[in-house]
Amino acid sequence: MKNHFLNIADFTPHQLTTFLDRAQHWTDALNNNAPGAGDLLKDKVILTLFFENSTRTRTSFEIAAHRFGARVVNWDVKSSSMSKDESFLDTIQTLGAMKPDAVIIRSSEYNAPYFVSTKLDCPVINAGDSHRAHPTQALLDALTIRQNKGHIEGLNIAICGDVAHSRVAGSNFQMLSKLGANIRIIAPEFLMPEKMPAPNIQTFTDMDKGLQDCDVIMMLRIQKERMDTSQIPDDATYFKDYGLTRSRLALAKDNVVVMHPGPMNRGVEIAEDIPDDPKVSLILKQVENGVPARMAVLEWALSYQTQRAAA
Ligand code: CP
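What comes next is a walk through the structure. (Residues numbered from 1 in each chain as written. Predicted model: local features only at pLDDT ≥ 70, side-chain atom pairs only at ≥ 80, totals over all residues. Heavy atoms only, no water.)

Per the counting criterion, the structure on display carries 11 aromatic pairs. What links up through ring pairs into an aromatic cluster is the set F5, F11, F19 and W300. The lysine or arginine in question, R132, covers the ring of Y110, its NZ or CZ lying 5.4 Å from the ring centre. Above the ring of F61, the side-chain terminus of R294 is found at 5.2 Å from the ring centroid. (Phe/Tyr/Trp six-rings, centres within 6.5 Å; stacked < 30°, edge-to-face > 60°. Lys NZ or Arg CZ within 6 Å of the ring centre and 35° of its normal.)

Between helix 1 (residues 13–31) and helix 5 (residues 135–149), the least distance of the axes is 10 Å, while the angle of their chain directions is 70 degrees. Our classification of the angle between helix 1 and helix 5 gives roughly perpendicular. Touching T17, F19, L20, D21, A23, Q24 and T27 of helix 1 are L139, A142, L143, R146 and Q147, all from helix 5. (Axes fitted to C-alpha atoms, helices over the stretch in contact; angles between N-to-C directions. Helix = DSSP H or I, 4+ residues; strand = E, 2+ residues; numbered from the N terminus. Parallel < 35°, antiparallel > 145°, perpendicular 65-115°, else oblique. Contact = heavy atoms within 4.5 Å.)

The strand order across the open sheet formed by four strands is 2-1-3-4, and the pairing between neighbours is parallel. The sheet terminates laterally at strand 2 (71–76) and strand 4 (124–129), the two strands that pair on one side only. Strand after strand, the sheet turns through a mean of 15 degrees between neighbouring axes, direction not considered. Across five bridges, strand 1 (residues 45–50) lies against strand 3 (residues 102–107) in parallel orientation. Looking at the pairing, F50 lines up with R106 of strand 3. Each of strand 1, strand 2 and strand 3 touches helix 3 (residues 88–96); the most contacted strand, strand 1, lies at about 165 degrees to it. (Pairing = 2+ DSSP bridges.)

This part takes up the pattern of salt bridges. Two side chains carrying opposite charge are able to pair once their charged atoms lie near each other. Inspection of the entire model under this criterion finds 14 salt bridges. Here R22 ties to E299 by a salt bridge, and the two come within 2.6 Å at their closest N and O atoms. Here E299 lies in helix 10 (residues 283–310) and R22 lies in helix 1, a separation of 277 residues in the sequence. Assessed through its relative accessible area of 31%, R22 is described here as partly exposed. The partner of R167 in a salt bridge is E52, with the nearest N and O atoms 2.8 Å apart. In this pair, R167 is assigned in helix 6 (residues 167–178) and E52 in the loop between strand 1 and helix 2 (56–67), connecting sequence segments 115 residues apart. (Salt bridge = Lys/Arg side-chain N within 4 Å of Asp/Glu carboxyl O. Buried < 20%, exposed > 50% of the residue type's maximum accessible area, 1.4 Å probe, protein only.)

Pasting the structure below:
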């Protein structure tokens, strides 16, 4: 049995808490400038397959792997033989034949990481699956909330904006509901999910009502690449109705914090200055936490090989 990291739903609350504890361990180690595991994955070769662009996820996985002494091969779709009409399956099987120790994949195709996990003889880690799942983002988000608030259970957490097309929202619903948060969706009707992704979620189409009494506000970009753009109002209208402004922020709890998985469109879903306000914004802390959170995932995914080699 390989340690694939594909979906938050595959893990119990206890397992998720253990991931958070390990991520906190690596956070503390990095903060003390003493990672202490520079050779944990020495001699491992990790292959990244990004069929979609990324700044945060790919780079933080790469840094996490380097922190453990692993080597990373970044396969590039644009310069690959897929440009010569080689199929996705043949590409995956070809790369698998080179025997990487783990594969990290992002794709716009629904369920691609799961499909790849059935074809390869190594752990597969989901770095973003269509509009469906982004489990390591949910892990780093939960880590960031836990560090700031001390706990997740009982917090009022609003996920705002384009929930319908957001894989970050999809994985956060699973993660935060398993860890006992009170989740709200704030979105216009056309950006609400078709089906509620977890039990007991409150929904609001009025931003001012939905933000009242919130502990955490997670803003989302409009995923124009995943929808019929004629549905979307112009940026100024969207900002007027659903943008996070200072006056809206004042409706939440005094110690509210603001999060955003990025990429961020200032002036569309969030006021220009809020992301840079260290009193409320955790946005760069989320990015920072991407490294220890992904260290926890790599450690777990590759440990079965470490154990097998030692046996
Ligand atoms: N949050 C996130 O997935 O960002 P990237 O697309 O830059 O990896």
